[in-house]
Amino acid sequence: MLHADTAKAVQLLDLMLEFFVDDGHWARGCYNDGNGGRCLVGALLHIGRQHSLPTAPAIALLQDAMPRPGLPLVHFNDTRCGSITELRSIILKARLLADDVAERKRAATAAENWLLAQIKKRRAETVADIEETVTAGPLAPERLAA
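Structural notes, computed from the coordinates. (Residues numbered from 1 in each chain as written. Predicted model: local features only at pLDDT ≥ 70, side-chain atom pairs only at ≥ 80, totals over all residues. Heavy atoms only, no water.)

### Things to note about the pattern of salt bridges
Okay, step 1: As enumerated under the stated definition, the model contains two salt bridges in all.
Okay, step 2: Each member of the salt-bridge network shares a partner with another, and the members are D14, R95 and D99. (Salt bridge = Lys/Arg side-chain N within 4 Å of Asp/Glu carboxyl O.)

Quick look at the structure:
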């Protein structure tokens, strides 16, 4: 996930936390109950459209936050989730995962920069060694005979 995608996913997850501030906005068994209530996926899609945010990165983070790997978001919302508090905890967990993704990217970038600096340094040392050998003059004849 790119940094921009992660930032937009965090923004969408934050908006979802605001949306699900109380039980009144949470619905089960439908994407939209017609009274302002939405399920987890319904809210994600609605808020994503409303704020022109991509939903795929947030869906991936929510999927990773599920209590059981591979548990579909709709199934979690409709049958496994016991309260709005549990729903919000999954959204918070997804947000923490986004922070972890961003931190791993920062660490990977730092490691890559360090490695590139080491390569550049070694290349400079190699060039200096070659230049020193060339300027030292021809090899002694006794070394060539051996």
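### Some details on the nonpolar core
Okay, step 1: Of all hydrophobic cores here, the largest spans 32 residues; its most connected members are M16, F20, L62, L87 and I91.
Okay, step 2: Mapped by element, the contributors of at least two residues to this core are α1 (3–19), α2 (40–50), α3 (56–65), α4 (73–80) and α5 (84–135).
Okay, step 3: With eight residues, α1 is the largest single contributor of residues to this core.
Okay, step 4: Beyond its immediate chain neighbours, meaning those up to four positions away, M16 contacts L40, L44, I47, L62 and I91. (Core = buried A, V, L, I, M, F, W, Y, C linked by side-chain atoms within 4.5 Å. Buried < 20%, exposed > 50% of the residue type's maximum accessible area, 1.4 Å probe, protein only. Helix = DSSP H or I, 4+ residues; strand = E, 2+ residues; numbered from the N terminus. Contact = heavy atoms within 4.5 Å.)

### Re the side chain of R38
Okay, step 1: On the secondary structure map, R38 appears in the loop between α1 and α2.
Okay, step 2: Despite its burial, R38 pairs with no opposite charge, the nearest such side chain being D33 at 7.5 Å.
Okay, step 3: One polar contact links R38 to H46, side chain to side chain, over a distance of 3.3 Å.
Okay, step 4: Every residue in contact with R38, bar those within four places of it in the chain, is listed here: F19, F20, H25, W26, A27, Y31, N32, A43 and H46. (Lys, Arg positive; Asp, Glu negative; His and termini not counted. Polar contact = N/O pair within 3.5 Å; in protein donor to acceptor, adjacent residues only side chain to side chain.)

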